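Next come the chains, spelled out residue by residue.
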Amino acid sequence: MAKKEYVFRYKLEPKKEALYPDPLLEMIRAQLENILNLVIPLEGRREVKIDGFKLLRDRERVYKIFSKEQELGDFLQERYL
Amino acid sequence: MNSFQDIKNASLYEPRIEFIKKQLESLLAVVDLEKEGRIVEVDGFRLKNLKDWLVPSSCDPIEVFEYAGGRCDCDCLFCYNKGNPPSLALGNLRRPPGEEFEEMRTRIDYFFPKAESSLFSSLGEIYEVSIHPHFLEVLRLLREKTPKVFRITTNGKTLTPEVISRLAGLKPVYLYLSLNSASPSRRSKLMGDRDPQIAIDSLPLLKEAGIPYAVVIVPWPMDSVGEMLDDLGATVAYAEEHDAHLVGVNLPGYSKYFSQEKLFDLDEVWSATVSHVRNLRGKTACAIVVMPSMYEENLYEGRKNLPRVIGVVKNSPAAGAGLGMGDQILEINGISIASRPQARDLLFILQRSENREAHLGVEREGRTFQLSLNLEDFSYPYSRESDNHLGIIFMGTGLRRSYLERLKEIIDSYKAKHVLFLSSILVKPTFEQCLAESHLFGDLRIDIQVPRNNFFGGNVFMGDLLVVQDFIDFIKEYLERNRVRPDLIVIPSSPFNLGQWGRDLTGRVYLDIEREVGIPVALLDCAAIYD
């Protein structure tokens with residue numbers, strides 16, 4: 001009998017926690033949070049720490065990426081936002 | 001179709017799988033997928049081409065056979081798995097053994113020692129590997145892939161003459177035998193082993209089969225500390241009688257999930273055990289290591305990090321040359337030795353070399369002299385494959401001085417003037433000594449603090465078991481207590497080392513610390529401090 005290759009399967013669950021009620025905004029936030037837990041963005045060779053974002057269509061409003069309790073660090077705000 | 005994998009395990013070692021899961025979940029919150037005009041409901045995903053999921057690896061065979069350890073046939077009073085916090089990223093899948101075997105066989109197919117790559121780890125809680133019905137078959141398949149030593153931890157319940165004989169056919173094999181007691185009644189009570197004689201009788205059989213082993217003891221005060229120490233002495237004597245490679249004494253502890261009640265006085269049990277072991281070392285030829293070794297070092301050694309010998313492996317080159325307990329190594333093949341990690345590194349290189357001799361400068365009771373080690377003159381229980389330092393046993397790994405150089409580089413890169421360094425109770429004394437002896441830091445302010453381990457709680461205080469939330473809680477308290485804010489926080493990387501992705505034992509990324517406290521956090525690359 002041919003040898004079976006083991007299948008690495010993972011379960012998907014309905015998304016539970018949302019920081020923002022607007023689902024499309026929440027999708028962008030969640031994707032950013034997710035990627036920022038894997039990589040550190042650079043500007044040139046300088047590490048850039050990001051904790052918020054703006055939408056190109058509305059540059060007045062700033063949205064947090066991480067939890068509501070997240071402290072927007074002074075060093076982050078001054079240097080990068 | 002086999003079961004779903006536990007995403008918690010993957011998040012620790014290969015968070016890109018958790019990344020995919022979260023990406024898909026966030027997309028599926030706003031779109032439906034379809035095929036040929038019909039909505040397709042999905043409830044999972046699978047990895048497509050396993051070759052894409054290879055990661056750099058030392059290809060230690062334990063990476064594969066530990067997946068056999070999903071269950072246990074003992075019920076140890078001290079079992080640390082019983083005290084695991086619920087949010088620990090170590091799920092236990094409880095799959096049928098045949099399915100576990102399929103996974104291990106696939107892992108062996110993707111196990112490439114020459115290319116130093118293998119499939120990502122995804123381990124859950126590990127219990128007893130040897131009771132898995134396919135365990136020996138997995139070892140056989142692995143032996144076709146690698147000549148590396150199989151280092152197997154076992155409670156010894158399966159070590160019948162037949163199993164030992166089959167293990168002997170798979171050499172090199174080294175066993176960490178959790179004997180805990182050579183007394184059948186104590187072993188039964190301590191481990192819930194209804195047939196304790198199998199493990200107890202395995203020691204002479206292992207010797208006969210030429211399989212070196214360490215006898216592992218968790219000194220657990222069941223009735224009294226005195227009774228526990230008497231049994232420890234008797235078990236060490238039994239191990240010595242049957243030429244154990246060494247005895248490992250794992251000092252006991254428990255988390256708040258293990259017991260809310262105080263089960264024993266940790267300092268009383270630990271200090272009495274260490275004192276007793278030090279007494280036993282003078283009377284036995286078998287080396288005895290106490291874990292965590294830095295506890296003993298802090299208690300007894302004024303100067304830390306010294307390359308002092310606490311024992312030698314019987315019939316090893318070190319034993320043959322007359323090296324003994326208390327000797328301090330000053331020189332190895334003409335190279336002056338300043339610290340224990342340096343001595344260990346050089347001895348490790350010699351162990352793996354083709355050299356026939358090694359020359360050591362040694363200090364013994366204030367007297368210095370030279371010793372020549374014949375590296376070809378050895379016999380059981382020493383072996384070239386499973387030993388690392390020519391038979392010399394030290395008090396743990398020690399602290400590398402290169403860590404300080406790396407710390408200085410980190411501080412310079414942040415241009416920091418005031419640094420908060422988060423250490424552990426065990427490492428702090430050695431780190432402070434190394435810092436005081438270093439000229440690297442000038443008048444830089446480095447405040448060394450020790451966070452509490454609230455996550456595990458109980459009497460657990462190992463720094464490597466701290467999690468992101470412990471660091472956040474401690475730093476917030478620290479900032480409330482102190483008016484001056486540090487401009488950099490440095491944390492040793494060892495609590496985040498399991499998968500090289502900066503995850504703690506709950507799978508949370510260390511970057512959350514600076515996100516919550518608002519001060520830059522850097523990890524200082526370092527290995528776990530003890531063997």
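Computed from a prediction, not measured in an experiment: that's the story for all the values here.

Visitor: Would you explain the pattern of salt bridges in this entry?
Guide: Think of it this way: side chains of opposite charge can pair up when their charged atoms draw near. Applying the stated rule across the entire model yields 40 salt bridges over all chains. Here A:Arg29 makes a salt bridge to A:Glu33, at a shortest N to O gap of 3.3 Å. Of the two residues, A:Arg29 and A:Glu33 are both situated in helix α1 (residues 23-36); the distance of four residues between them amounts to about one turn of the helix. Its salt-bridge partner being B:Arg308, residue B:Glu301 comes within 3.3 Å of it at the nearest N-O pair. Salt bridges linked by common partners bring B:Lys476, B:Arg508, B:Asp512, B:Arg515 and B:Glu516 together as one network.

Visitor: Teacher, can you tell me more about the layout of surface pockets here?
Guide: Here the second largest pocket defines a volume of roughly 1,200 Å³. Lining the second largest pocket are 39 residues, with A:Glu17, A:Glu33, A:Asn37, B:Glu18 and B:Lys22 sitting closest to its centre. Where the lining of the second largest pocket is concerned, the elements lending two or more residues are α1 of chain A together with α1 (7-13), α2 (15-28) and α17 (511-517) of chain B. At eight residues, the largest contribution of residues to the lining of the second largest pocket is made by α2(B).

Visitor: What should I look at first to understand the interface of chain A and chain B in this one?
Guide: As a measure of interface size, the accessible area lost when the parts come together is often cited. Residue-level contacts link 29 residues of chain A with 54 residues of chain B. For the pair chain A and chain B, the summed buried area comes to about 4,000 Å², and 58% of that belongs to carbon and sulfur atoms. Interface area lost by chain A to chain B is led by A:Tyr6, A:Arg9 and A:Tyr10, which between them contribute 23%. At the boundary of chain A and chain B, one finds two salt bridges. Between A:Lys49 and B:Glu514 there is a salt bridge, with the nearest N and O atoms lying 2.9 Å from each other. At the boundary of chain A with chain B, the tally comes to 19 residue pairs in polar contact (both at pLDDT 80 or more).

Visitor: Explanation requested: the packing of aromatic side chains in the structure shown.
Guide: Here the distance between the centres and the angle between the planes together describe a pair of aromatic rings. Under the defined criterion, the tally for this structure stands at 22 aromatic pairs over all chains. Centre to centre, the rings of B:Tyr254 and B:Phe264 are 5.5 Å apart; their planes meet at 75°, and the pair counts as edge-to-face. One end of the pair, B:Tyr254, is in the loop between β9 (246-250) and α10 (266-281); the other, B:Phe264, is in the loop between β9 and α10, and ten residues separate them in sequence. Each of the two residues, B:Tyr254 as well as B:Phe264, counts as buried. Judged by centre distance (6.1 Å) and plane angle (55°), the ring pair of B:Phe496 and B:Tyr510 falls under tilted. Residue B:Phe496 is located in the loop between β19 (488-492) and α17, and its partner B:Tyr510 is located in the loop between β19 and α17; the two are separated by 14 residues in the primary sequence. An identical accessibility class is assigned to B:Phe496 and B:Tyr510; each is buried. Here the aromatic residues B:Phe78, B:Trp220, B:Tyr254, B:Phe258 and B:Phe264 are joined through ring pairs into a cluster of three or more. When the ring centre of B:Phe4 is taken as origin, the NZ or CZ atom of A:Arg9, which lies over that ring, is 4.1 Å away. Taking the ring centre of B:Tyr300 as reference, the NZ or CZ of B:Arg278 above it sits at 3.9 Å.

Definitions and limits used
Residues numbered from 1 in each chain as written. Chains lettered and ligands numbered in written order. Predicted model: local features only at pLDDT ≥ 70, side-chain atom pairs only at ≥ 80, totals over all residues. Heavy atoms only, no water. Salt bridge = Lys/Arg side-chain N within 4 Å of Asp/Glu carboxyl O. Helix = DSSP H or I, 4+ residues; strand = E, 2+ residues; numbered from the N terminus. 1 Å grid on protein atoms, 1.4 Å probe; cavity = no way out; pocket = protein on both sides within 12 Å on 5 of 7 lines; lining within 4 Å. Points joined across faces, edges and corners; volume = space filled by probe spheres on them. Contact = heavy atoms within 4.5 Å. Buried area = accessible area lost by both parts, 1.4 Å probe. Polar contact = N/O pair within 3.5 Å; in protein donor to acceptor, adjacent residues only side chain to side chain. Phe/Tyr/Trp six-rings, centres within 6.5 Å; stacked < 30°, edge-to-face > 60°. Buried < 20%, exposed > 50% of the residue type's maximum accessible area, 1.4 Å probe, protein only. Lys NZ or Arg CZ within 6 Å of the ring centre and 35° of its normal.

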